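Next come the chains, spelled out residue by residue.
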2 protein chains.
Amino acid sequence: MIDVAREAGVAFKTVSRVVNGEPVRRESLERVDAAIAKLGYRRNIGAASLRSGRSRTVGLLVYEISESFQLSLAQIVEAALAEKGYRLVVASTMGLGEREAEFFESFCANNFDGLIVLPSTVEQSYMRPELEAGVSIVFVDRPPKNLETDVVLAENREGMRHATEYLIAGGHRRIGFFSLKLDNYTGVERHGGYRDALDAAAVSYDERLVSEWPETRQQALEALDAMLALPSPPTAFLSGASPLAKRLLWAFRQRKITPPFVSYDDFELADLFEPPVTVVSQDSRRMGLAAVDLLLQRMQGDTTPPRVVRIPTHFIERGGSIMPEA
Amino acid sequence: MIDVAREAGVAFKTVSRVVNGEPVRRESLERVDAAIAKLGYRRNIGAASLRSGRSRTVGLLVYEISESFQLSLAQIVEAALAEKGYRLVVASTMGLGEREAEFFESFCANNFDGLIVLPSTVEQSYMRPELEAGVSIVFVDRPPKNLETDVVLAENREGMRHATEYLIAGGHRRIGFFSLKLDNYTGVERHGGYRDALDAAAVSYDERLVSEWPETRQQALEALDAMLALPSPPTAFLSGASPLAKRLLWAFRQRKITPPFVSYDDFELADLFEPPVTVVSQDSRRMGLAAVDLLLQRMQGDTTPPRVVRIPTHFIERGGSIMPEA
DNA sequence: TAGCTAAGTGACAACGTTGTCAGTTTCCCG
DNA sequence: CGGGAAACTGACAACGTTGTCACTTAGCTA
């Protein structure tokens, strides 16, 4: 910057002004621009954010960037922030609580202006000091544990209830449910929606029809086999999340069956299966925009009490019979 | 840091030493550690990299992070770098040359220590000033245009030739090829492999059997229809990349056909189609490790001439008949 | 114990910016 | 043409670290 200033015959502060688009005389501007082009000068963002205290950068912490919903969310958040002049840095925790804390450290050390978190299932009280020190944080998908922040949630319960009602309307009374772990918000809510629908239709709840988070394809197959071996086996299936849906579709394949099936969470190619997979889709666009909106407000100094925004899901019916096979 | 030093009763330079794991007296260490914990101090990475000139951060520029190969590569690169104490920041250009240049700017402004680039199809001479100024850059997947750097490449040509030979061995003489654009390295190489195999088997090349980068499902369907309407239509198909495979599978579905089909690039759920999709898989692990290896060498001051590393592909046969239907 | 080495510590400058504030120029008005 | 406001400019400190180098202390050897 000093070199540029010398080249242009102005003070280096004037170069700073040009770089930041502050008003300068037309002539100074031209000479500085020319000098910048000539010397190939590039502003050092690190130094700027050190001095100013603002980095114009936001962090996004997800658990598995390859999942369709999270990837889509990341893209929408990035675009929305870019429009406001902010960069986005994404980190993927792979569901490990330790990685979540580690990335949080790193985000703070880089003095980001804000943070959007899709929390893993651990608790987040370790974020309290920064939150109270004025760092802007918004949670998405699940609320924080032991912490009070803005949250953007999907209507998990209603979405899952709708999916269940759809199968019940097809005449099913025995519905196998492949569930997320029940130790976290989304797991509990989606399971709750399943149960709500059963209760409303006076269908009895049978815990043998619920498999909690088979971690692999093989485990999903074993869970499926166990259900099929029941005296009164399920005639249709629900999945509580897309990774489960993929494992389950593999298991169906192994057993050469194509039962009526609905999954919470859309995923790529879901429409190309035979039969295509009907899904409950979370509105990543609205959720992402809501999160950015809340975050920007906080970053502008809003100190009102934390808010909760709930975004409805979409039911995407892709056809395929939902009638029992028998 | 000054506060921590006061709390511990040492000079702030000693705190710096503790934070960086340099040798200090046992007693100083304990008192500084205690002060750090008490005050919740966090080292400012930006300031550190400003002073030291090194950021211990590497950038990865891809064109579409949601593609299976690129995502996998990113994960491997991240793990390999983390092991050496480097952070990774990923940016996705969506194949837009402008975004590539823009991110490159941003990478430089953040004074990253190194950069791994999966280039879009534009040329990269704009990187020359930094490269000559000593910034470490490694290209992956495609070589740079108008620039000399280390490159890690897959054996595109051999992979595609193998896939084509596989179909020829099944008795096919008319093979439809859905190709990448032919204005870039991977497009040309894979097309070259297809042609090599035809030539070797004395099968004549018919350009009506080649569709260059249908951009949408609908366009893929139109291209497919055009081929099927030929007097001598194709009896098997090849895809030059996974996005094409997905469009083509949709098109097959529309026409209710399941012809023998092989795709370059593996993708998630390829094994769950009916019939499953046989693929040529790029070895993202070896390619990622090779890239990191080259980059670290450059970052340690290696100034030998640029090298080219070629990594073989794997042919993953997933079954399904490859015999002509007729 | 003098003399030397090794280990540890501290003072201070420097990294490349932006904020502050005082100074200078330009422009407009009466 | 004088006066005052507005526009612009520049000197300098500060952001939170690390590099350099000189200094102090401890430990060893002769």
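Cut-offs and rules
Residues numbered from 1 in each chain as written. Chains lettered and ligands numbered in written order. Predicted model: local features only at pLDDT ≥ 70, side-chain atom pairs only at ≥ 80, totals over all residues. Heavy atoms only, no water. Helix = DSSP H or I, 4+ residues; strand = E, 2+ residues; numbered from the N terminus. Rg over C-alpha atoms; globule rule 2.2 N^0.38 Å. Contact = heavy atoms within 4.5 Å. Lys, Arg positive; Asp, Glu negative; His and termini not counted. Charge placed at Lys NZ, Arg CZ, Asp CG, Glu CD. Patch = residues over 30% accessible without salt bridge, like charges linked within 9 Å, V, L, I, M, F, W, Y side chains within 5 Å. Areas by Shrake-Rupley, 256 points an atom, 1.4 Å probe, with all protein chains shown as cover. Salt bridge = Lys/Arg side-chain N within 4 Å of Asp/Glu carboxyl O. UniProt positions renumbered as here; feature names shortened; annotations may be inferred. Buried < 20%, exposed > 50% of the residue type's maximum accessible area, 1.4 Å probe, protein only. Polar contact = N/O pair within 3.5 Å; in protein donor to acceptor, adjacent residues only side chain to side chain. Near = heavy atom within 4 Å. Nonpolar A, V, L, I, M, F, W, Y, C, P; charged D, E, K, R; others polar. Core = buried A, V, L, I, M, F, W, Y, C linked by side-chain atoms within 4.5 Å. Domains from an automatic or database assignment. Buried area = accessible area lost by both parts, 1.4 Å probe. Expected span 1.5 Å × (residues − 1). Pairing = 2+ DSSP bridges. Axes fitted to C-alpha atoms, helices over the stretch in contact; angles between N-to-C directions.

## A word on the overall build of chain A
Helix and strand content of chain A: twelve helices and twelve strands. By the compact-globule yardstick of 20 Å for 326 residues, chain A is too spread out, its C-alpha radius of gyration being 25 Å. Projecting the C-alpha coordinates of chain A onto the three principal axes gives extents of approximately 90 × 40 × 30 Å. A separation threshold of at least 6 residues defines the contact pool for chain A, and within that pool the share at least 24 residues apart is 66%. Treating the 38 positive side-chain charges of chain A as one cloud and the 44 negative ones as another, the clouds have centres 5 Å apart.

## Some thoughts on a nonpolar patch on the surface
Residues Met 1, Ile 2 and Phe 12 of chain A make up a contiguous nonpolar surface patch of roughly 290 Å² in combined accessible area. Tracing the backbone shows Met 1 of chain A in the segment before α1 (2-8).

## Description of the UniProt feature "domain: HTH lacI-type" (unreviewed entry) in chain A
Annotation from UniProt places "domain: HTH lacI-type" (unreviewed entry) at residues 1-52 of chain A. The distance separating the terminal C-alpha atoms of residues 1-52 of chain A is 17 Å; by composition the span is 71% helix and 0% strand.

## A look at the side chain of Lys 246 of chain A
With respect to the helices and strands, the residue Lys 246 of chain A is situated in helix α11 (residues 242-255). Overall, the relative accessible area of 13% leaves Lys 246 of chain A in the buried class. A distance of 3.1 Å separates a polar atom in the side chain of Lys 246 of chain A from a polar atom in the side chain of Glu 268 of chain B. If we skip the residues at most four places from it in the chain, Lys 246 of chain A touches Phe 267 of chain A together with Glu 268, Leu 269 and Leu 272 of chain B.

## Re the protein's contact with DNA strand D
Neighbouring residues of DNA strand D: 27 residues in total, closest Thr 14, Arg 17 and Ser 28 of chain A together with Ser 16 and Arg 51 of chain B. Backbone atoms, meaning sugar and phosphate, form 53% of the atoms of DNA strand D found within 4 Å of the protein. In this structure, Ser 28 of chain A approaches DNA strand D through a side-chain N or O atom, which is 2.4 Å from a phosphate oxygen. Between a base oxygen of DNA strand D and a side-chain N or O atom of Arg 51 of chain B, the distance comes to 2.5 Å. Of all the secondary-structure elements, those providing two or more residues to the surface near DNA strand D are α2 (12-19) and α4 (45-52) of chain A together with α2 (12-19) and α4 (45-52) of chain B. Here the surface near DNA strand D takes five residues from α4 of chain B, the largest share from any one element. Across the surface near DNA strand D, the residue classes break down as twelve nonpolar, six polar and nine charged.

## Remarks on the nonpolar core
Core analysis: the largest hydrophobic core is formed by 96 residues, its most contacted members being Ile 116, Tyr 194 and Leu 238 of chain A together with Ile 116, Tyr 194 and Leu 238 of chain B. In this view, Leu 238 of chain A contacts Met 160, Ala 163, Thr 164, Leu 167, Ile 175, Gly 176, Phe 177, Phe 178, Tyr 194, Leu 248, Phe 261 and Val 262 of chain A; residues no more than four positions away in its chain are not counted.

## Structural notes on the pattern of salt bridges
Counted according to the given criterion, the structure contains 44 salt bridges over all chains. Residue Asp 3 of chain A pairs with Arg 6 of chain A through a salt bridge whose shortest N-O separation is 2.9 Å. Placement of both Asp 3 of chain A and Arg 6 of chain A in helix α1 is noted, with a separation of three residues, approximately one turn of the helix. Given the relative accessible area of 60%, Arg 6 of chain A is considered exposed. We note a salt bridge from Asp 266 of chain B to Arg 318 of chain B, for which the minimum N-O separation is 3.1 Å. With Asp 266 of chain B in the loop between β9 (261-264) and β10 (278-281) and Arg 318 of chain B in the segment after β12 (314-316), this residue pair connects regions lying 52 residues apart in the sequence. Via salt bridges that share partners, Asp 150, Arg 298, Asp 302 and Arg 307 of chain A belong to a single interconnected network.

## Observations concerning the protein's contact with DNA strand C
Near DNA strand C you find 27 residues, and of these Ser 16 and Arg 51 of chain A together with Thr 14, Arg 17 and Ser 28 of chain B are the closest. Here the atoms of DNA strand C within 4 Å of the protein split so that 53% fall in sugar or phosphate, with bases taking the remainder. Between a base nitrogen of DNA strand C and a side-chain N or O atom of Lys 13 of chain A, the distance comes to 2.8 Å. Asn 20 of chain A places a side-chain nitrogen or oxygen 2.9 Å from a phosphate oxygen of DNA strand C. Put simply, the parts of the chain that give the surface near DNA strand C at least two residues each are α2 and α4 of chain A together with α2 and α4 of chain B. Top contributing element to the surface near DNA strand C by residue count: α4 of chain A, with five residues. When its residues are assigned to classes, the surface near DNA strand C shows twelve nonpolar, six polar and nine charged.

## As for the domain arrangement of chain A
What the domain assignment lists for chain A is domain 1 (2-43), domain 2 (54-153 + 284-310) and domain 3 (156-282). The centre of domain 1 of chain A, based on its C-alpha atoms, is set 36 Å off from the matching centre of domain 2 of chain A.

## Regarding the interface of chain A and chain B
On the chain B side, the residues contacting the 38 residues of chain A number 38 residues. The largest contributions to the chain A side of the interface with chain B come from Arg 42, Arg 253 and Leu 272 of chain A, which together make up 23% of the buried area. For the pair chain A and chain B, the number of links is twelve salt bridges. In this structure, Asp 271 of chain B engages Arg 217 of chain A in a salt bridge whose closest nitrogen and oxygen atoms are separated by 2.7 Å. At the junction of chain A and chain B, the tally comes to 17 residue pairs in polar contact (both at pLDDT 80 or more). For the side of chain A that touches chain B, the secondary structure elements donating two or more residues are α4, α5 (68-83), α6 (97-109) and α11 of chain A. When residues in the side of chain A that touches chain B are grouped by element, the largest group, seven residues, is from α6 of chain A.

## Here's the deal with unusual backbone geometry
Cis peptide bonds are those with omega within 30 degrees of zero, and the linkage from Glu 274 of chain A to Pro 275 of chain A qualifies with -5°. Position of Pro 275 of chain A relative to the elements: it lies in the loop between β9 (261-264) and β10 (278-281). One non-glycine residue, Lys 256 of chain A, lies in the positive phi region at around 55°. Following the sequence through the fold, Lys 256 of chain A ends up in the loop between α11 and β9. Taking the relative accessible area as the measure of exposure, Lys 256 of chain A reaches 74% and is therefore exposed. Unlike most non-glycine residues, Asn 111 of chain B shows phi in positive territory, near 25°. By the secondary structure assignment, Asn 111 of chain B is in the loop between α6 (97-109) and β3 (114-117).

## Thoughts on helix α8 (residues 156-169) of chain B
With 14 residues, α8 of chain B ought to run about 20 Å at 1.5 Å a step, and its terminal C-alpha atoms sit 20 Å apart, in line with that. All of the buried residues along α8 of chain B are Asn 156, Gly 159, Met 160, Ala 163, Thr 164, Tyr 166, Leu 167 and Ile 168 of chain B.

## Quick look at the sheet that holds strand β12 (residues 314-316) of chain A
Residue and element names in this part refer to chain A. Read from one edge to the other, the open sheet built from six strands follows the order β7-β6-β8-β9-β10-β12, with strand pairing classed as mixed. In this open sheet, the two strands that pair with only one neighbour each are β7 (210-212) and β12. Across the sheet, the mean angle separating the axes of adjacent strands is 15° when strand polarity is ignored. With three bridges joining them, β10 and β12 adopt antiparallel strand pairing. Each bridged residue has a counterpart across the sheet, and for Ser 281 the counterpart in β12 is His 314. Lying over the sheet, helix α8 (residues 156-169) contacts β6 (175-179), β8 (236-239), β9, β10 and β12, oriented at roughly 170° with respect to β8. Against the sheet, α11 makes contact with β6, β8 and β9, and its axis sits at roughly 155° relative to β9, the strand it touches most.

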